[in-house]
Amino acid sequence: DTAVSQTPKYLVTQMGNDKSIKCEQNLGHDTMYWYKQDSKKFLKIMFSYNNKELIINETVPNRFSPKSPDKAHLNLHINSLELGDSAVYFCASSQVYSGLAKNIQYFGAGTRLSVL
Amino acid sequence: GENVEQHPSTLSVQEGDSAVIKCTYSDSASNYFPWYKQELGKGPQLIIDIRSNVGEKKDQRIAVTLNKTAKHFSLHITETQPEDSAVYFCAAKLGRNDMRFGAGTRLTVKP
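Owing to the predicted nature of the structure, the values given are computational and were not obtained by experimental measurement. (Residues numbered from 1 in each chain as written. Chains lettered and ligands numbered in written order. Predicted model: local features only at pLDDT ≥ 70, side-chain atom pairs only at ≥ 80, totals over all residues. Heavy atoms only, no water.)

Digging into the overall build of chain B
Here's step 1: When helices and strands are tallied, chain B shows zero helices and eleven strands.
Here's step 2: Beginning at the N terminus, the succession of helices and strands in chain B can be written as β-β-β-β-β-β-β-β-β-β-β.
Here's step 3: Its C-alpha atoms give chain B a radius of gyration of 13 Å, within 12% of the compact-globule value 13 Å for 111 residues.
Here's step 4: The C-alpha extent of chain B, read off along each of the three principal axes, is 40 × 30 × 20 Å.
Here's step 5: Sorting the 111 residues of chain B into buried and exposed places 45% on the buried side.
Here's step 6: Long-range contacts, defined here as pairs at least 24 residues apart, represent 51% of the contacts in chain B between residues at least 6 apart.
Here's step 7: About 5,400 Å² of surface is accessible on chain B, with carbon and sulfur atoms providing 45% of the total. (Helix = DSSP H or I, 4+ residues; strand = E, 2+ residues; numbered from the N terminus. Rg over C-alpha atoms; globule rule 2.2 N^0.38 Å. Buried < 20%, exposed > 50% of the residue type's maximum accessible area, 1.4 Å probe, protein only. Contact = heavy atoms within 4.5 Å. Areas by Shrake-Rupley, 256 points an atom, 1.4 Å probe, with all protein chains shown as cover.)

Next up, the structure:
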């Protein structure tokens, strides 16, 4: 079974549309993340949720809205898609322990979003 | 802006040679430094990590060194093989849930 699975793997859409990417983890982790990887491979954190609560919200347009219905799911909804949103989006999860430095993140395979 | 800088952005070596990738970080409170390998079409995967109370860690052909004073850490791959070809990311933990990644190094190992 895939530990962190995200769907769809590919998403091609027109500018102005609204789309969602789903992510599920079966590792029992309490923290989930969304990253954006641009064409130059730069991996930038967008959001982090811990036990369904938003912990990190980087400078991301408010067209991007994460939703965490439970600890195992973190979905990403994007409104009014723009050309610059084209990228690969990665979901990740980790188990964070108070007092411990280690934070191993497990990544999904990515969703390649192309906005035409 | 970026909290972790990574160099070089591309690295090409001959099979059997060593490869070294270097990173610097800015937050002196960072205490955990993982390295991830991303193969084509896949998500990044942890290959080795080091905590701030350790100066060096080795796992077979890969090793990581950390200089806390200088805020530098490096990945060393010895006896490189074609299957080592990938994009490598360093990262530094800023807060409890916050990991910042370097810009990545595309390593090519020529047979």
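As for the environment of Ile50(B)
Here's step 1: Mapped onto the elements of the fold, Ile50(B) is located in strand β5 (residues 45-51).
Here's step 2: Filtering out sequence-adjacent residues up to four positions away, Ile50(B) remains in contact with Asn31(B), Tyr32(B), Phe33(B), Gly55(B), Glu56(B), Lys57(B), Val64(B) and Leu66(B).

Description of the interface of chain B and chain A
By a widely used convention, the size of an interface equals the accessible area lost when the partners come together.
Here's step 1: Between chain B and chain A, the contact holds 24 residues from the first and 27 residues from the second.
Here's step 2: For the pair chain B and chain A, the number of links is zero salt bridges.
Here's step 3: The tally of links from chain B across to chain A stands at two residue pairs in polar contact (both at pLDDT 80 or more).
Here's step 4: Elements with a contribution of two residues or more to the side of chain B that touches chain A: β4 (32-38), β5, β9 (86-93) and β10 (99-101) of chain B.
Here's step 5: For the side of chain B that touches chain A, the per-class residue count stands at eight nonpolar, six polar and ten charged. (Salt bridge = Lys/Arg side-chain N within 4 Å of Asp/Glu carboxyl O. Polar contact = N/O pair within 3.5 Å; in protein donor to acceptor, adjacent residues only side chain to side chain. Nonpolar A, V, L, I, M, F, W, Y, C, P; charged D, E, K, R; others polar.)

Points about the sheet that holds strand β1 (residues 4-7) of chain A
Residues and elements named next belong to chain A.
Here's step 1: Overall, antiparallel pairing links the four strands, which are arranged β1-β3-β8-β7 in an open sheet. Two strands lie at the open edges of the sheet, namely β1 and β7 (64-70), each paired on one side alone. Here the strands of the sheet are splayed against their neighbours by 20° on average, with no regard to which way each runs.
Here's step 2: As judged from the four bridges shared by strand β3 (residues 19-25) and strand β8 (residues 73-78), these two strands associate in the antiparallel manner. (Pairing = 2+ DSSP bridges. Axes fitted to C-alpha atoms, helices over the stretch in contact; angles between N-to-C directions.)

A look at the nonpolar core
Here's step 1: By size, the foremost hydrophobic cluster in this structure holds 23 residues, and its most contacted members are Trp35(B), Phe73(B) and Leu107(B).
Here's step 2: Every element with two or more residues in this core is listed here: β2 (10-14), β3 (19-25), β4, β5, β7 (62-67), β8 (72-77), β9 and β11 (105-110) of chain B.
Here's step 3: With residues up to four places along the chain from it excluded, the contact list for Phe73(B) reads Ile21(B), Lys22(B), Cys23(B), Tyr25(B), Phe33(B), Trp35(B), Thr65(B), Leu66(B), Cys90(B) and Ala91(B).
Here's step 4: By size, the runner-up hydrophobic cluster in this structure holds 20 residues, among which are Val4(A), Cys23(A), Met32(A) and Ile78(A). (Core = buried A, V, L, I, M, F, W, Y, C linked by side-chain atoms within 4.5 Å.)

A closer look at the pattern of salt bridges
All names here are of chain B.
Here's step 1: All chains considered together, the criterion is met by seven salt bridges over all chains.
Here's step 2: Measuring nitrogen to oxygen at the nearest pair gives 3.5 Å for the salt bridge that ties Lys-37 to Glu-39.
Here's step 3: Overall, Glu-39 belongs to the partly exposed group, its relative accessible area being 32%.
Here's step 4: Across the salt bridge formed by Arg-61 and Asp-84, the nearest N and O atoms sit 2.9 Å from each other. Taken together, the residues Arg-61 in the loop between β6 (56-59) and β7 and Asp-84 in the loop between β8 and β9 connect sequence positions 23 residues apart.
Here's step 5: Look at Asp-84 and you get buried, because its relative accessible area is 6%.

A short note on unusual backbone geometry
Here's step 1: Residue Pro8(A) follows Thr7(A) across a cis peptide bond; omega there is 0°.
Here's step 2: Here the residue pair His7(B) and Pro8(B) is connected by a cis peptide bond, since its omega of -5° sits within 30 degrees of zero.
Here's step 3: As for its placement among the helices and strands, Pro8(B) is situated in the loop between β1 (4-7) and β2.
Here's step 4: Phi at Lys41(A) takes a positive value of approximately 75°, unusual for a residue other than glycine.
Here's step 5: You can see Lys41(A) is positioned in the loop between β4 (31-37) and β5 (43-50).
Here's step 6: Notably, Lys71(B) is not glycine yet its phi reads approximately 60°, a positive angle.
Here's step 7: Along the chain, Lys71(B) turns up in the loop between β7 and β8.

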